[in-house]
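Residues per chain, in single letters:
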Amino acid sequence: MPLLEFNNVGFGYKTGGRIVDNISFSVEKGELVAIIGASGCGKSTLFRLITRLEANYDGSIEVNGEPIEKSGAIAAFMPQKDLLLPWRNILKNVALPLETLKMPKQERISRAKNALSRVGLSGCEEKKPSELSGGMRQRASFARTLMTAELGRELLLLDEPFSALDSITRTQMQDWLLKQVRSLDKTVMLITHDIDEALLLAGRVIVLCDKPASIARQADSSMIKSREHLFTPQAIQLKEELTQLLSADAVLREADTEVTENAR
Amino acid sequence: MRVKKRLPAIITALCLLFLWQIIAMCINAAYILPSPVQVAIKIWELKEPLFTVHTPATLLVTLVGLVISIVLGIALAVIMDRYEFWERALYPVIVTTQTIPVTAIAPLFVLWLGYGIWSKVLVAVLITFFPITISVHDGLKSTKRENEELMKTMGLSSLQIFLKLKIPACLPYFFSAVKMAVPLSIIGAAMGEWLGAQSGLGYFSKRMMTQLDGAGVFAPVVVLAVCAMLAVAVITALERKLIAWRKEV
């Protein structure tokens, strides 16, 4: 039984029209699935549905075979921006999810320290977010997501976690994340608009195209296990196919925007 | 370093005092414009009634007015933040209260509440609750929606989000409002005393006016200004201590 299953899911806001339509996919336990698509195509909407920030969708979303509404929260969410609270030090920021539990303060601190040590931020406990670099802040944000996962959440949702970083730091962070998720016993979904990042990190890539967004392709990328594998003929061909798919979608989006603007 | 930073303000203030002294000496009529030296001498001569009777009376009205304004302002801001209906119902009314000429209707407060402290407190409250309400309301609204949503996904309740996100985010706005409200509250208290009181710096200043004692009118005004400056300095120090993170953002 899959951990998460979307069946013909559609969603839109009352004021803004449909965002996603006929979305069907499933995620097995322990899988790492990437979702790619153009900016603003509706990738994050899928995460909003999984975290139940949005309701009133069409179709069905099931968690372990049960409707998502009946299951408790299943996901630990890492947003695009780190969203660390500037008045809290790093340790207290990371420990924030544990404050939902009635847990002795000492245990909370000890668990948060472990998470910080796991992401290589030992020694930064007392620092304020403003004292850390962009990459370190994202690692702190990842540690906070791990703390949320400790609340019994089986699924990690990572929404373009490295999009705000420069390319060198992003490459370093991708390698770092690859090691982290491989050592975690968690299911991971990753949103990105970077095809290389998706192929490198995920075992499967879901491509969203069109408006409203629907799944254009689900590609197996499990053969790419390291950065070197990105240059094998098989990987290069897959990358080209995905690039073509996204480029065609971008042309359609541009034409659609022009038609809308002309109509105004 | 701190003195060096404040040196321009100190020099400007000294220059203005010097200019005032020269003009007063030229006019040479203390009942029209007393010189700073004459005012200082008057403060020293009247130190007994000024500092033991009238300053405490005004500060009491200021403090009571300020506390009521803070409690009322925070309560209104929180209600408006939490309930959209109350925001739509109250916000225009609160803005309208600021169009009421408090000075013109303050004599009515004396009629309603008598010569005790409450008529003056009402003047102080009417003047000060507005900046506190509006600033705290803006502070509560200033939190990013994405922060709130992230906390929701972590499983934090509305109350926890309010305590752990909204209140800390609102603190800079709150301190700015209180710094604005303290001098206003002192002005409100003195204004109320001018219109009818038995003690207080406003009352004292009015009494000196009837005696054509120019330096006597200025003396309580100077004391009022010094009290306001000291209060703002204390709040600024508290602000620096409590929200040091603001500089770091």
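Residues numbered from 1 in each chain as written. Chains lettered and ligands numbered in written order. Predicted model: local features only at pLDDT ≥ 70, side-chain atom pairs only at ≥ 80, totals over all residues. Heavy atoms only, no water.

## Quick word on the overall build of chain B
- Regarding its fold elements, chain B presents 11 helices and zero strands.
- Going residue by residue from the N terminus, the α and β elements of chain B occur as α-α-α-α-α-α-α-α-α-α-α.
- When the backbone C-alpha atoms are referred to their principal axes, chain B occupies close to 75 × 50 × 30 Å.
- Taken over 249 residues, chain B has a buried fraction of 42%.
- Across chain B, contacts joining residues at least 24 apart in sequence account for 72% of those joining residues at least 6 apart.
- Charge centroids of chain B, computed over 22 positive and 13 negative side chains, lie 5 Å from each other. (Helix = DSSP H or I, 4+ residues; strand = E, 2+ residues; numbered from the N terminus. Buried < 20%, exposed > 50% of the residue type's maximum accessible area, 1.4 Å probe, protein only. Contact = heavy atoms within 4.5 Å. Lys, Arg positive; Asp, Glu negative; His and termini not counted. Charge placed at Lys NZ, Arg CZ, Asp CG, Glu CD.)

## Here's the deal with the nonpolar core
- Among the nonpolar cores identified, the biggest contains 74 residues, and Leu 4, Phe 6, Phe 25, Ile 50, Leu 155 and Met 189 of chain A are the most heavily contacted of them.
- With 13 residues, the single largest contributor to this core is helix H8 (residues 158-195) of chain B.
- Apart from residues lying up to four places away in sequence, Phe 25 of chain A is in contact with Leu 4, Glu 5, Phe 6, Leu 46, Met 189, Ile 206, Ile 215 and Gln 218 of chain A.
- Ala 143, Trp 176, Ala 202 and Ile 224 of chain A belong to the second-largest nonpolar core, a separate cluster that totals 53 residues. (Core = buried A, V, L, I, M, F, W, Y, C linked by side-chain atoms within 4.5 Å.)

## Let's talk about the interface of chain B and chain A
- Each side of the interface is counted separately: chain B has 19 residues, and chain A has 22 residues.
- Around 1800 Å² of area is buried between chain B and chain A when both sides are counted, 65% of it from carbon and sulfur atoms.
- Counting the surface chain B buries against chain A, the share from its top three residues, Leu 150, Thr 153 and Met 154 of chain B, is 34%.
- Summed over the shared surface of chain B and chain A, the number is three salt bridges.
- On the surface where chain B and chain A come into contact, there are seven residue pairs in polar contact (both at pLDDT 80 or more).
- Put simply, the parts of the chain that give the side of chain B that touches chain A at least two residues each are helix H7 (145-154), H8 and helix H11 (245-248) of chain B.
- Considered class by class, the residues forming the side of chain B that touches chain A number nine nonpolar, four polar and six charged. (Buried area = accessible area lost by both parts, 1.4 Å probe. Salt bridge = Lys/Arg side-chain N within 4 Å of Asp/Glu carboxyl O. Polar contact = N/O pair within 3.5 Å; in protein donor to acceptor, adjacent residues only side chain to side chain. Nonpolar A, V, L, I, M, F, W, Y, C, P; charged D, E, K, R; others polar.)

## Some remarks on a nonpolar patch on the surface
- On the surface, Leu 16, Leu 19, Ile 23, Ile 27, Tyr 31, Ile 32 and Leu 212 of chain B cluster together into a nonpolar patch covering about 730 Å² of accessible area.
- With respect to the helices and strands, Tyr 31 of chain B occurs in the loop between helix H1 (2-27) and helix H2 (36-45). (Patch = residues over 30% accessible without salt bridge, like charges linked within 9 Å, V, L, I, M, F, W, Y side chains within 5 Å. Areas by Shrake-Rupley, 256 points an atom, 1.4 Å probe, with all protein chains shown as cover.)

## Points about helix H4 (residues 134-149) of chain A
- Relative to the 22 Å expected for 16 residues at 1.5 Å per residue, H4 of chain A spans 23 Å between its end C-alpha atoms, a close match to the ideal helical length.
- By the criterion of burial, H4 of chain A is predominantly enclosed, with 12 of the 16 residues buried.
- Here H4 of chain A has its buried residues at Gly 135, Gln 138, Ala 140, Ser 141, Phe 142, Ala 143, Arg 144, Thr 145, Leu 146, Met 147, Thr 148 and Ala 149 of chain A.
- Those residues of H4 of chain A that are buried are in contact with strand S6 (75-78), helix H2 (90-95), helix H3 (105-118), strand S7 (155-159) and helix H5 (167-183) of chain A together with H7 of chain B. (Expected span 1.5 Å × (residues − 1).)

## Here's the deal with the domain arrangement of chain A
All names here are of chain A.
- Looking at the assigned domains, one finds that chain A contains domain 1 (4-74 + 155-263) and domain 2 (86-153).
- Relative to domain 2, the C-alpha centre of domain 1 lies at a distance of 26 Å.
- Between domain 1 and domain 2, the contact holds 15 residues from the first and 11 residues from the second.
- Buried surface at the junction of domain 1 and domain 2, summed over both partners, amounts to about 1200 Å²; 67% is from carbon and sulfur atoms.
- On the domain 1 side of the contact with domain 2, Leu 156, Trp 176 and Gln 180 bury the most area, a combined 33% of that side's loss.
- Put simply, domain 1 and domain 2 have three residue pairs in polar contact (both at pLDDT 80 or more) between them.
- By residue class, the composition of the side of domain 1 that touches domain 2 is 11 nonpolar, three polar and one charged. (Domains from an automatic or database assignment.)

## Digging into the packing of aromatic side chains
- For the structure shown, the criterion picks out eight aromatic pairs over all chains.
- Here the aromatic rings of Phe 47 of chain A and Phe 77 of chain A are separated by 6.3 Å at their centres, their planes lie at 90°, and the arrangement is edge-to-face. Note that Phe 47 of chain A is positioned in helix H1 (residues 43-50) and Phe 77 of chain A in strand S6, a separation of 30 residues in sequence. Each member of the pair, Phe 47 of chain A as well as Phe 77 of chain A, carries the same accessibility label: buried.
- Here Lys 47 of chain B stacks its cationic end above the ring of Trp 44 of chain B, 4.1 Å away from the centre of that ring. (Phe/Tyr/Trp six-rings, centres within 6.5 Å; stacked < 30°, edge-to-face > 60°. Lys NZ or Arg CZ within 6 Å of the ring centre and 35° of its normal.)

## Focus on the packing of H7 of chain B against H8 of chain B
Residue and element names in this part refer to chain B.
- Where H7 meets H8, the closest approach of the two axes is 11 Å, and the angle between their N-to-C directions is 145°. For H7 against H8, the interelement crossing comes out right-handed. Contacts between H7 and H8 involve Asn 147, Glu 148, Met 151 and Lys 152 on the former and, on the latter, Ile 161, Lys 164, Leu 165 and Lys 166. (Axes fitted to C-alpha atoms, helices over the stretch in contact; angles between N-to-C directions. Left-handed = near helix turned anticlockwise from the far one by under 90°.)

## Quick notes on the pairing of S6 of chain A
All names here are of chain A.
- With burial as the criterion, each face of S6 is covered, one bearing Ala 75 and Phe 77 and the other bearing Ala 76 and Met 78.
- Summarising the sheet, S6 and S7 pair through four bridges and their orientation is parallel. Residue pairing in the sheet places Met 78 in a bridge with Leu 158 of S7. (Pairing = 2+ DSSP bridges.)

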